[in-house]
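Residue-level structural notes
Given next are the chains, with one letter for each unit.
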Amino acid sequence: MTESLSATAAPPAARFSRATARLVLADGTIFEGTGFGAETATVGEVCFNTAMTGYQEILTDPSYAGQIVAFTFPHIGIVGTNSEDIESLTPVVRGVVVRADVEHPSSYRALSALDRWLKLHNIPGISGVDTRALTNRIREQGMPHGIVAHNLRGTFDTHALTNQAREFPGLVGLDLAKDVSCRQTYAWRETLWAWNEGYGLEGTPSWRAVVIDYGVKRNILRQLAAHGAEIVVLPCRATYDDVMRHSPHGVLLSNGPGDPAATGEYAIPTIRRLVESNVPVFGICLGHQMLGLALGGTTRKMAQGHHGANHPVKDLETGKVEIVSMNHGFTVDAEMLPRSVKQTHISLFDGTNCGLRVEGKDVFSVQYHPEASPGPMDSHYLFARFAKAARARA
């Protein structure tokens, strides 16, 4: 059954003639609205994000490769965009779905409106969508494949758009890390942002971190630098020898997009040798999932995933509950982990695995994003834990 939604109360015929964008799902469901951003059409997996702040950081998170993001918070765009609140230079999100399009942002930091920023990066958006209805649909039926089409003339070939959505292969079996990873090794010194000062620089590092970039967010690197690390970032296909050539005191396996099993075809052998070497290893998001696979576990696709900055996670070893930022559509099956690997954190929403550690080694990982960009800062202690273990080897 086709569902047609609009931001106005106009009669259906008039509403259709003025609609300049559509979100078309693979089952034929249609959401009409007003287009903004690039005048184009892009296909991807549709997910919803519940964060109330940090939309520019979300849209520049490389983990969103292959996905269309629908925001549940209605006022996306209110502070515009700037050159500082980004997690990567080139956004890879496929499309943006919002309730209201904010044409006139209000913030002293704004350099441009969200509409102009999306145009610059060739990303289409649709506003005027009943995002509550879309979110409920995703919660009940899972993340659909869809296409965001923006056309100022308001003319759409619905049949062709539906077929494009149906032909999208989905994220299972896709190695997207190779598309967002750096192409060559580079060093990083930038530290955390401070109000009225901007970002700082680490001048006296006390230990060396090698980061394998599966789609790393900049704030992860800033957190490491703020904890005194000299940072070397390597491409996702880095081998064990590539890593050890830099004599690391600790290795971070970064976040990233796609199916961990697909990326793991070349990443898991490297990760296994790193675990065997006794160098401290810290995995985040995709890095966590591939560490789980390297240790003998399995991963599976989630129905709706976890996307937001308000997710409760319980630390099983301390009993503490943290509110964290999440962005993932795959999860580690904790029951398949060997006895030497302990589950350390779980989601209080659905009980899925959110952390693990290897007994007797400084090897641990979390499913969520402890760098808090955007999100709460409850989990910053994990970077301190990693830095402490690494400094012990310095």
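See above for the structure.
**A word on the packing of aromatic side chains**
Under the criterion given, the structure shown has four aromatic pairs. Summarising the aromatic geometry, the rings of Phe 282 and Phe 386 are spaced 5.6 Å apart at their centres and angled 50° between planes, so their arrangement reads as tilted. Of this pair, Phe 282 sits in strand E14 (residues 281–284) while Phe 386 is found in helix H11 (residues 381–391), placing the two residues 104 residues apart along the sequence. Both residues of the pair, Phe 282 and Phe 386, count as buried. The rings of Trp 207, Phe 282, Phe 364, Phe 383 and Phe 386 are connected pair by pair, giving a single aromatic cluster. When the ring centre of Tyr 199 is taken as origin, the NZ or CZ atom of Arg 222, which lies over that ring, is 4.0 Å away.

**Digging into the sheet that holds strand E16 (residues 321–332)**
The strand order E8-E12-E11-E13-E14-E19-E18-E17-E15-E16 describes an open sheet built from ten strands, whose pairing is mixed. If you trace the sheet from one side to the other, it starts and ends with strand E8 (186–188) and E16, each paired once. Put simply, the sheet's adjacent strands are angled 25° from each other on average, direction ignored. Pairing of strand E17 (residues 341–347) with strand E18 (residues 353–358) involves five bridges; the strand directions are antiparallel. Residue pairing for E18: Lys 342 is matched across the bridge by Arg 357. Set on the sheet, helix H7 (residues 218–226) makes contact with E8, strand E11 (207–212), strand E12 (229–234), strand E13 (250–253) and E14; between it and E12 the angle comes to about 150°.

**With respect to unusual backbone geometry**
Residue Pro 374 follows Ser 373 across a cis peptide bond; omega there is 0°. Even without a glycine there, the phi angle at Asn 196 is positive, about 70°. Turning to its location among the elements, Asn 196 is positioned in the loop between strand E9 (190–194) and strand E10 (198–201). Phi is positive for Ser 247, close to 45°, though the residue is something other than glycine.

**Some words on the layout of surface pockets**
Left-over empty space is what a probe sized like a water molecule reveals as it rolls over the atoms. Counted as a void, the largest pocket has a volume near 710 Å³. Of all elements in the fold, only helix H2 (55–59), E9 and H7 reach the threshold of two or more residues within the lining of the largest pocket. In terms of residue count, the dominant contributor to the lining of the largest pocket is H2 (four residues). Tallied by class, the residues present in the lining of the largest pocket amount to 16 nonpolar, twelve polar and seven charged. Considering only enclosed or pocket space, the second largest pocket measures out at about 420 Å³ in volume. What lines the second largest pocket is a set of 16 residues, and nearest its centre among them are Phe 48, Thr 50, Thr 72, Thr 135 and Arg 139. Put simply, the parts of the chain that give the lining of the second largest pocket at least two residues each are helix H4 (131–141) and strand E15 (299–315).

How each quantity is defined
Residues numbered from 1 in each chain as written. Predicted model: local features only at pLDDT ≥ 70, side-chain atom pairs only at ≥ 80, totals over all residues. Heavy atoms only, no water. Phe/Tyr/Trp six-rings, centres within 6.5 Å; stacked < 30°, edge-to-face > 60°. Helix = DSSP H or I, 4+ residues; strand = E, 2+ residues; numbered from the N terminus. Buried < 20%, exposed > 50% of the residue type's maximum accessible area, 1.4 Å probe, protein only. Lys NZ or Arg CZ within 6 Å of the ring centre and 35° of its normal. Pairing = 2+ DSSP bridges. Axes fitted to C-alpha atoms, helices over the stretch in contact; angles between N-to-C directions. Contact = heavy atoms within 4.5 Å. 1 Å grid on protein atoms, 1.4 Å probe; cavity = no way out; pocket = protein on both sides within 12 Å on 5 of 7 lines; lining within 4 Å. Points joined across faces, edges and corners; volume = space filled by probe spheres on them. Nonpolar A, V, L, I, M, F, W, Y, C, P; charged D, E, K, R; others polar.

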